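# Secondary and tertiary structure notes
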Amino acid sequence: MLEKLDGPFAKVAEAVASGEFALWIGSGISRKAPNLGNLIDSAVNYLRVRALDPATAAKFLPKLREALVLGEANLAELEMQYPTPFEDWPQHAAIQNRLWNKYSRLLDIRIKGEPADFMLWEAVDIRAAFAHPAAPAAEHLCVAILVLEGAVREMASANWDGFIEAAIVLLSGGANGVLQVVVDPNQLRSAGGTARLLKFHGCIVYAAKEKDPFRAYLTGSHTQIVEWPNNPLFAAMVDTVRGIATTHKSLVMGLSIQDANLQGVFSAAKKANPWPWPPDPNAPGHVFCEDQIKEGQQDVLKIVYGDAYNDNMDAIQASSHLQAWAEQVLIALVIQVIEKKLILLMTKSLQAAGRDGSVAGLASLLTGLRNDVAEMALVDPDDESRTNFVYKAIAVWSRLLGIFRTGSLPTNPDGYEPISSSGLQQLALDANAVSAGLGNFAAALSMLQHGRASGLWSLQLPGAGALADGAIGAKGLWDGADLRPIFVVKGAAEALSLEKAGAFANNNAIVLHADDTWNQVMGSGLGSRRVRGAPGRNGRVITRHLSIQSLVDRCPDVETMKTEFVSEVSL
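Note that the structure is predicted; figures quoted are calculated from it, not measured. The residue numbers shown here count from 1 along each chain, following its written sequence. Given that the model is predicted, a residue must reach a pLDDT of at least 70 before its local features are reported, and side-chain atom pairs must reach 80 or more before they are shown or counted; all residues, however, enter totals for whole chains, interfaces and linings. Side-chain measures were taken over the full set of non-hydrogen atoms in the model, leaving aside hydrogen atoms and water.

### With respect to the sheet that holds strand 7 (residues 457-460)
This is how the line gets drawn: Think of it this way: DSSP has to see at least two bridges between two strands before they count as a pair. A run of DSSP states H or I qualifies as a helix once it reaches four residues; a run of E qualifies as a strand once it reaches two. Both are numbered from the N-terminal end. Only the contacting stretch of a helix is used when fitting its axis, a line to C-alpha atoms as for every element, and angles between N-to-C directions run 0 to 180 degrees. Whether two residues are in contact is decided by their heavy atoms, any of which lying within 4.5 Å being enough.
One open sheet holds the five strands; their spatial order is 7-8-9-10-11, and the pairing between them is mixed. Each edge of the sheet is formed by a strand with only one pairing partner; in this case those strands are strand 7 and strand 11 (544-547). Each strand of the sheet is rotated relative to its neighbour by a mean of 25 degrees, with strand direction disregarded. Against the sheet, helix 25 (residues 492-500) touches strand 9 (483-489), strand 10 (510-513) and strand 11, its axis set at about 140 degrees to strand 9.

### Observations regarding the side chain of His201
Applied cut-off: Accessibility here uses a 1.4 Å probe with only protein chains present; expressed as a share of the type maximum, an area under 20% marks a residue as buried, one over 50% as exposed, and anything in between as partly exposed. Polar contact is the term for a pair of N or O atoms within 3.5 Å; when the atoms are in protein, one must be able to donate a hydrogen and the other to accept it, and sequence-neighboring residues count only if both atoms are side-chain atoms.
If you trace the backbone, His201 turns up in the loop between strand 4 (195-199) and helix 12 (204-209). Assessed through its relative accessible area of 6%, His201 is described here as buried. Of note is the side chain of His201, whose polar atom sits 3.4 Å from the side chain of Asn261. Each residue touching His201, except ones within four places of it in the same chain, is listed here: Ser157, Ala158, Trp160, Tyr217, Leu218, Thr219, Trp228 and Asn261.

### Considerations on the environment of Glu3
Of note, Glu3 is situated in helix 1 (residues 2-6). Taking the relative accessible area as the measure of exposure, Glu3 reaches 72% and is therefore exposed. Put simply, Glu3 and Leu467 are 464 residues apart on the chain and 36 Å apart in space, counted from C-alpha to C-alpha.

### A short note on the environment of Ala138
If you trace the backbone, Ala138 turns up in helix 10 (residues 138-148). Taking the C-alpha atoms as reference points, Ala138 and Arg386, separated by 248 residues in sequence, lie 6.2 Å from one another. In this structure, Ala138 is in contact with Glu327, Arg386, Thr387 and Val390, ignoring residues within four places of it in sequence.

### Points about the pairing of strand 9
The condition is simple: A crossover counts as right-handed when, viewed with the strands pointing away from the observer, the path leading from the first strand over the helix to the second turns clockwise.
Along strand 9, six of the seven residues are buried, which leaves the element largely enclosed by surrounding structure. Strand direction decides the pairing type here: strand 8 (residues 472-476) and strand 9, joined by four bridges, are antiparallel. Paired with Gly473 across the strands is Pro485, a residue of strand 9. Hairpin remark: strand 8 followed by strand 9, antiparallel, with six residues in the connecting loop; positive phi at Gly480, about 85 degrees. Here four bridges tie strand 9 to strand 10, and the two strands are oriented parallel to one another. Bridged to Phe487 within strand 10 is Val511. In this region the chain leaves strand 9, passes through helix 25 and returns to the parallel neighbour strand 10; the handedness of that crossover is right-handed.

So far we have only geometry, and geometry alone does not tell us how the molecule works.
Below, the structure is given as structure tokens:
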């Protein structure tokens, strides 16, 4: 996936990192939400049980038949099956499959004397179906990271679930001001956040907690979907969603856009401000994360590009179709956003030191590390997703950056440590981020990657997770080499915090300082120790402190930096 984002979709990747894209989200990213087939079974069984009860048969038997006709079933063949649970019928799979594609029609079956949403609220019992959600999956975690890194500020979701909200609460530690969730249009007037999530078809989390007013916003039946653009209840939401489609490029994931109400949003947005073709020098306005582009998505391309579509359909579809599922795309985008931010901060740091010529070489090493991390993003055969990888990657990254910033393990073990909430375009102007030593933090990672890629040492994840295990581990690739804990710290204060906590008790740590304060305060005798023989074999094992800033200052080029670094870390 990274090859695409580095190649034909490089402008898309840059635009995402810079906050130009809004996310349009559908059920395809929430694979652990209640299964639609089970919801269909619940609806049919609700009608079936009441159709058999003499007290309610007159009211519900015609509606059971209506549902089965909708599923293209032969009623005469099924009457003998009514006493049996729907899922045990021989015809169950065929009927359920047909109703799957007519779910909005099934929800539109009306029961005399009951509210219009009776099928969803009572027959399906949507509250119970969503009552015990799974943990956020890879897609939701990655969306949360993109929000925390300032890359995504606008999201429009057709999903009822609360997975994205849960992921942001988990990774931010429940911090206020991160996400503004809008279900009721009155919430548009509430305090904003780093990002905004427009749940334009409602939210079951809100509706289950507070039926009034949030039940009314759950949109699922055919009639509700058709009336949505013109329903006064949704007027402010429709305007806001249309505004996002007008002002932001659209990255669509898990959303088929098969319904006319959403296609109308993109049509109105085009009318307000047409999308040009070709889009050069900018990224295309609409990109779909799908293995195969869907009919509704193709309709959107025809709508937004108008007459230009006919003459350029192959080029338009090629530039708008990532040919990958949302999980793959989001993981790649997160890795690339982190890489781009680190390279930007490292570039500013090197330029400030007069080492412009070292930028390309160190950036190349950082990209190599990025690629190695991406190769670890494998599908778990049991879970059939990359969710476990994402959770582990978040823990390792947050441990690494948390130790750098504070000299201690992260206080929130489940949290994500962002580089900065500033997007890529704003990062260079973020004085706090620029002055935080992260440029030299990136240079340290580049140097560690050099040794790994050159076959001098391996990099390993910390074992038991104790502070003394380091941020990461490194082991020389020679017989008898010991695994050494590596700590990357901002400066002397963080190193002293680690020392006080016993992190260096084994006297084998390697401490990489972003600045040169340690050497200045402690003196050269307690600073880095240089070993001029074969790396790691002649110097005795001690805790070693190495200043990245000093390395940058005294080394005129990348090759000299590599040589000096390998010598001084003595692995």
